[in-house]
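Here's the letter readout for the chains.
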Amino acid sequence: MAWALKLPLTDEVIESGLVQDFDASLSGIGQELGAGAYSMSDVLALPIFKQEESNLPPDSDNKILPFQYVLCAPTSPAVKLHDETLTYLNQGQSYEIRMLDNRKIGELPEITGKMVKSIIRVVFHDRRLQYTEHQQLEGWRWNRPGDRILDLDIPMSVGIIDPRANPTQLNTVEFLWDPSKRTSVFIQVHCISTEFTMRKHGGEKGVPFRIQIDTFKENENGEYTEHLHSASCQVKVFKPKGADRKQKTDREKMEKRAPQEKEKYQPSYETTILTECSPWPEVTYVNNSPSPGFNSTHNSFPVAEGYANLLPTATPQDAQQWLHRNRFSPFCRLFTNFSGADLLKLTREDVIQICGPADGIRLFNALKGRVVRPRLTIYVCQESQQAREQHPKHENGDAAAIYHAIYLEELTVTELTEKIAHLFSISPRQINQIFKQGPTGIHVLVSDEVRHSHTFILFFFCFCFF
């Protein structure tokens, strides 16, 4: 029993000794550092914390931005406190965006009294769709020919100058404006969020979009390339009146929640303030100048130009240059390591799956060297009666002459007249009538009614001038 009783005594002695040692090790700390040793301000003032604090991003809450953009549409009440606001829009309805100048006195004096350019875009919010944006928009263009995703309501807008909508960029508009004057631009979004969902069985949630505004000032060459400010907001687009119903449904759901639950959600605001963001990485628009017309990669190469054949021996670098020359620049990243042989081995289905239906068919035809044939080819020459007498006769009785090929697509007299005038460097108004000459020498007046006759490609044309 004596041995059994000794163990707890030993443990108590050990524990008491450890406590005494630990107290002794801490006994001098308070005396050395004083009463303020545990102040958090003193602790944060240590060099190690100062170094970490310098690496933190600056607080942007107190930062005054040069511009502010306000979308005149209410935010949803069904958004949690720390989430980004969400705004519902109706398809095709005009919404005002107020362009406000927030500059302090003396800030950005170089734009005082001058115009700035703003570019408004409707882009995808989801990163997954951002990677395939070009294919998504081309698919939308294919299903909605002639329509635009984003439009300006110019009659309702105030203070905008030189508004433009690039026909090759359906989701972008741009304009000039004076920050010192009242400016409001009205936009219309014509696509709806459910058009870009993966599965369409009805009742699915639509994908969110972003409305982004990038503003630029002039550089030394008069081009609007120097970035000033960018801001964006999250929106969803519904069919007409759908946004109003969705807003009402969210409001009714929030009214049914308990007071404790309501505190976790943002209130609904009457307007939507676009928050600062990074500029959109699209240099095509940044290089646009205020002069008439658009400068884009789509306009750099005429559509009528034939495609240079891609050879199987082409290296990946040669293939990249071929894609650039033939207006397939958006797909260069996808085909980075493809040689000429690799591209030529792709089937029509492969190309359409990678590039979408519109660009896929175009790329496949370019790879295979397919040229669209004209509907009709005719051969014409111009010679006077004096030339007929001076030139020797051929066996078939015709005077020696040089014939030129003319390719027709519309098969109209107007088209034929214009191409003949271009061929002989004269004005179309100088051509009064066009005849086709038959084997017996008769002259048949060419009109739209006889445009489908393919026999006159073998005969000689003559035309009368004013």
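Residues numbered from 1 in each chain as written. Predicted model: local features only at pLDDT ≥ 70, side-chain atom pairs only at ≥ 80, totals over all residues. Heavy atoms only, no water.

As annotated in an unreviewed UniProt entry, the protein carries the name Transcription factor CP2 and is attributed to Oreochromis niloticus. The annotation that UniProt attaches to the protein under Sequence similarities (unreviewed entry) is "Belongs to the grh/CP2 family. CP2 subfamily." (UniProt positions renumbered as here; feature names shortened; annotations may be inferred.)

Trainee: How would you summarise the overall build of the protein if you had to cite specific residues and measurements?
Mentor: Helix and strand content of the protein: 16 helices and 17 strands. Relative to its full complement of 466 residues, the protein shows a buried share of 35%. Working note: accessible area of the protein is about 28,900 Å², and carbon and sulfur atoms make up 55% of it. (Helix = DSSP H or I, 4+ residues; strand = E, 2+ residues; numbered from the N terminus. Buried < 20%, exposed > 50% of the residue type's maximum accessible area, 1.4 Å probe, protein only. Areas by Shrake-Rupley, 256 points an atom, 1.4 Å probe, with all protein chains shown as cover.)

Trainee: Outline the side chain of D153, supporting the account with residue identities and numerical values.
Mentor: Tracing the chain through its elements places D153 in the loop between β5 (150-152) and β6 (160-164). Buried and without a salt bridge, D153 has R148 as its closest oppositely charged side chain, separated by 13 Å. D153 has contacts with S94, F186 and Q188, leaving out every residue within four places of it along the chain. (Lys, Arg positive; Asp, Glu negative; His and termini not counted. Salt bridge = Lys/Arg side-chain N within 4 Å of Asp/Glu carboxyl O. Contact = heavy atoms within 4.5 Å.)

Trainee: Quick rundown of the packing of helix α13 (residues 348-355) against helix α14 (residues 357-367)? Include the residues and the values.
Mentor: Two elements in contact, α13 and α14, have axes separated by 7 Å at closest approach and are oriented at 140°. On the basis of the axis angle, α13 is oblique to α14. Pair α13 / α14 crosses with right-handed handedness. Together, R348, V351, I352 and C355 of α13 and P357, D359, G360, I361, L363 and F364 of α14 make up the contact between the two elements. Across the contact of α13 with α14, the residue classes break down as 7 nonpolar, 1 polar and 2 charged. (Axes fitted to C-alpha atoms, helices over the stretch in contact; angles between N-to-C directions. Parallel < 35°, antiparallel > 145°, perpendicular 65-115°, else oblique. Left-handed = near helix turned anticlockwise from the far one by under 90°. Nonpolar A, V, L, I, M, F, W, Y, C, P; charged D, E, K, R; others polar.)

Trainee: Give me the lowdown on helix α6 (residues 133-143), citing residues and values where you can.
Mentor: Taken together, the buried positions of α6 are occupied by E133, Q135, L137, E138, G139 and W140. On its buried face, α6 sits against β4 (116-124), α5 (127-131), α13 and α14.

Trainee: With reference to specific residues and values, describe the environment of T75.
Mentor: Residue position: T75 is located in the loop between β1 (67-71) and β2 (86-90). For T75, a relative accessible area of 2% corresponds to the buried category. Contacts of T75, omitting those with residues within four sequence positions, involve T85, L86, T87, Q247, P267, S268, Y269, T271 and T272.

Trainee: Quick rundown of the confidence of the model for the protein? Include the residues and the values.
Mentor: Looking at the protein as a whole, its pLDDT mean stands at 75, while 70% of the residues score no less than 70. Here residues 283-307 scores under 50 on pLDDT; set against residues more than four positions off or in separate chains, the count is 51 contacts. Predicted confidence for residues 393-399 stays below pLDDT 50, and this span has 8 contacts to residues more than four positions away or in other chains. (pLDDT = per-residue confidence, 0-100.)

Trainee: Now, about the nonpolar core: what can you tell me, with residues and values included?
Mentor: L71, L89, I97, I120, V185, F209 and I211 are the most contacted members of the largest nonpolar core, which has 40 residues in total. A per-element tally of this core places strand β10 (residues 224-238) first, with 5 residues. By size, the runner-up hydrophobic cluster in this structure holds 16 residues, among which are W322, L323, F331 and L346. (Core = buried A, V, L, I, M, F, W, Y, C linked by side-chain atoms within 4.5 Å.)

Trainee: How would you explain the packing of aromatic side chains if you had to name every residue and give the values?
Mentor: What the rule picks out here adds up to 7 aromatic pairs. Ring geometry for W322 against F328: centres 6.1 Å apart, planes inclined by 15°, an arrangement best described as stacked. Side by side, W322 and F328 carry an identical accessibility label, which is buried. With 5.2 Å between their ring centres and 85° between their planes, F335 and F338 make a pair best called edge-to-face. (Phe/Tyr/Trp six-rings, centres within 6.5 Å; stacked < 30°, edge-to-face > 60°.)

Trainee: Can you lay out the sheet that holds strand β8 (residues 183-189) for me, pointing to particular residues and giving the numbers?
Mentor: Ordered by their spatial adjacency, 5 strands build an open sheet running β5-β8-β3-β1-β11, and the pairing between neighbours is antiparallel. Each end of this open sheet is capped by a strand with a single partner; those strands are β5 and β11 (272-273). Strand direction decides the pairing type here: β1 and β11, joined by 2 bridges, are antiparallel. The residue bridging V70 from the neighbouring strand is I273, located in β11. (Pairing = 2+ DSSP bridges.)

Trainee: Provide a residue-level description of the pattern of salt bridges, including the pertinent values.
Mentor: What the rule picks out here adds up to 16 salt bridges. A salt bridge links E110 to K217, with the shortest nitrogen-to-oxygen separation between them at 2.7 Å. Here K217 lies in strand β9 (residues 209-218) and E110 lies in the loop between β3 (95-101) and β4, a separation of 107 residues in the sequence. For K217, a relative accessible area of 15% corresponds to the buried category. In this structure, D214 engages R121 in a salt bridge whose closest nitrogen and oxygen atoms are separated by 2.7 Å. Taken as a pair, D214 in strand β9 and R121 in strand β4 lie far apart in primary sequence, 93 residues in all. Residues D214 and R121 agree in their burial class; the two are buried. Ionic contacts of the salt-bridge type, sharing partners, join the residues E110, K217 and E226 into one network.

Trainee: A description of the pairing of β9 should follow, citing residues and the corresponding values.
Mentor: Taken residue by residue, a regular strand's side chains alternate between the two faces of the sheet. For β9, the buried fraction is high: 9 of the 10 residues fall into the buried class. With 8 bridges joining them, β4 and β9 adopt antiparallel strand pairing. Among the inter-strand pairings, R121 is bridged to a residue of β9, identified as Q212. Examined bridge by bridge, β9 and β10 share 10 bridges and lie antiparallel to one another. Among the inter-strand pairings, K217 is bridged to a residue of β10, identified as E226. Hairpin connection, β9 to β10: the antiparallel pair is bridged by 5 residues, and G222 has positive phi, about 80°.

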